[in-house]
Amino acid sequence: MAVTAPTKGNLMAARRSRALAENGWELMDKKRNILVRELMERIDRATALQDRIEAIFREAYDALALAEIMSPGCAKAAAQVPEDESVRILWRSVMGVELPTVAADAGSGAADTLPYALAASTSALDEAYRRFSEVKALLAELAETEIAVYRLAFSIRKSQKRANALENIVIPGLDGEIVRIEQALAEKEREEFVRQKVVKARKTGRA
């Protein structure tokens with residue numbers, strides 16, 4: 001920090017800067033705490049999603065294996081499933097951190113919405129289709145959650161660094177600057193007081 005002249009104006013400016021730095025630290029600390037709570041919620045959510053996806057994947061592959069046994073035309077029916085282009089990504093801000101909202105059409109799973117001919121269908125194939133559709137939506141939700149976790153963790157680290165800089169460098173530096181200016185001004189006041197006393201004594205002696 002550059003050394004400033006010990007004037008009352010600079011003292012007032014240093015005190016204002018110190019108040020702003022204190023306010024900035026409080027805001028950074030509040031932001032960090034909010035983001036940490038958000039991060040912990042997302043981590044719990046990601047863990048639950050991973051467990052659920054793993055369970056539904058097992059059900060989907062079991063149903064698909066059964067469908068292949070029951071229906072030789074299973075592969076032909078699967079080829080009729082169109083390429084999925086339903087994934088959409090939107091963004092929202094949480095304490096200045098841009099977090100994604102990922103959406104994918106899961107499909108209703110009803111028989112009249114199945115993308116393949118019913119003649120080639122079996123109950124096992126229908127079940128596999130419904131389960132994989134459910135997994136698709138869950139994977140979109142998991143991607144949203146994991147991206148949010150990464151962005152939140154990065155922002156928390158950045159907020160922590162800024163808070164630490166304010167608390168350990170900026171604020172102590174301003175405190176030192178305030179003390180230095182106050183001491184210099186006090187010394188000037190003492191010198192001025194002594195000077196006035198000397199002048200007064202000289203005037204009194206001449207009288």
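Residues numbered from 1 in each chain as written. Predicted model: local features only at pLDDT ≥ 70, side-chain atom pairs only at ≥ 80, totals over all residues. Heavy atoms only, no water.

## Re the overall build of the protein chain
Stage number 1. The number of helices and strands found in the protein chain is three helices and two strands.
Stage number 2. Order of helices (α) and strands (β) in the protein chain, N terminus to C terminus: α-α-β-β-α.
Stage number 3. Here the analysis covers contacts within the protein chain between residues at least 6 apart in sequence; of these, 81% occur between residues at least 24 apart.
Stage number 4. A total of about 13500 Å² of accessible surface is found on the protein chain, and carbon and sulfur atoms cover 58% of it. (Helix = DSSP H or I, 4+ residues; strand = E, 2+ residues; numbered from the N terminus. Contact = heavy atoms within 4.5 Å. Areas by Shrake-Rupley, 256 points an atom, 1.4 Å probe, with all protein chains shown as cover.)

## Observations concerning the side chain of Ser-155
Stage number 1. Along the chain, the position of Ser-155 falls in helix α3 (residues 123–206).
Stage number 2. If we ignore the near neighbours within four places in the chain, the residues touching Ser-155 are Lys-31, Leu-35 and Val-97.

## With respect to the pairing of strand β1 (residues 88–94)
Stage number 1. Two elements, β1 and strand β2 (residues 97–103), share seven bridges in a ladder whose sense is antiparallel. Bridge pairing in β2 links Ile-89 to Val-102. (Pairing = 2+ DSSP bridges.)

## Thoughts on the nonpolar core
Stage number 1. Judged by nonpolar contacts, Leu-35, Leu-39, Val-94, Val-97, Leu-99, Ala-148, Leu-152 and Ile-156 together constitute the single largest core of eight residues.
Stage number 2. Of all the secondary-structure elements, those providing two or more residues to this core are α1 (8–70), β2 and α3.
Stage number 3. Every residue in contact with Leu-99, bar those within four places of it in the chain, is listed here: Arg-42, Leu-90, Trp-91, Arg-92, Val-94, Ala-148, Arg-151 and Leu-152.
Stage number 4. In terms of nonpolar packing, the next biggest core, distinct from the first, is built from seven residues, Leu-49, Val-135, Leu-138 and Leu-142 among them. (Core = buried A, V, L, I, M, F, W, Y, C linked by side-chain atoms within 4.5 Å. Buried < 20%, exposed > 50% of the residue type's maximum accessible area, 1.4 Å probe, protein only.)

## Some remarks on a nonpolar patch on the surface
Stage number 1. On the surface, Val-87, Ile-89, Trp-91 and Ile-147 cluster together into a nonpolar patch covering about 380 Å² of accessible area.
Stage number 2. Relative to the helices and strands, Ile-147 is located in helix α3. (Patch = residues over 30% accessible without salt bridge, like charges linked within 9 Å, V, L, I, M, F, W, Y side chains within 5 Å. Salt bridge = Lys/Arg side-chain N within 4 Å of Asp/Glu carboxyl O.)

## Thoughts on the pattern of salt bridges
Once the charged atoms of two side chains with opposite charge are near each other, the side chains can pair.
Stage number 1. Summed over all chains, the structure comprises 17 salt bridges.
Stage number 2. Among the salt bridges present, the one from Arg-195 reaches Glu-192, with a minimum N-O distance of 2.6 Å. Highlighted residues: Arg-195 and Glu-192, both in helix α3, separated by three residues, approximately one helical turn.
Stage number 3. We classify Glu-192 as partly exposed; its relative accessible area is 32%.
Stage number 4. One salt-bridge network, in which partners are shared between bridges, spans Arg-52, Glu-59, Glu-127, Arg-130, Arg-131 and Glu-134.

## Brief notes about the packing of aromatic side chains
Stage number 1. Taken as a whole, this structure holds three aromatic pairs when the rule is applied.
Stage number 2. Each ring, one from Phe-57 and one from Tyr-61, has its centre 5.8 Å from the other, and the planes form 20°; the classification is stacked. Residue Phe-57 and its partner Tyr-61 are both found in helix α1; the two are separated by four residues, about one turn of the helix.
Stage number 3. Phe-57 gets classed as partly exposed once you look at its relative accessible area, which sits at 26%.
Stage number 4. Seen in terms of ring centroids, Tyr-61 and Phe-132 are 5.2 Å apart; in terms of plane orientation they differ by 85°. Their pairing is edge-to-face. Here Phe-132 lies in helix α3 and Tyr-61 lies in helix α1, a separation of 71 residues in the sequence.
Stage number 5. Taken together, the ring pairs in this structure connect Phe-57, Tyr-61 and Phe-132 into an aromatic cluster. (Phe/Tyr/Trp six-rings, centres within 6.5 Å; stacked < 30°, edge-to-face > 60°.)

## Thoughts on the confidence of the model for the protein chain
Stage number 1. In the predicted model, the protein chain carries a mean pLDDT of 83, and 87% of its residues have values of at least 70.
Stage number 2. The model gives residues 107–112 a pLDDT under 50, and that stretch makes three contacts with residues more than four places away or in other chains. (pLDDT = per-residue confidence, 0-100.)

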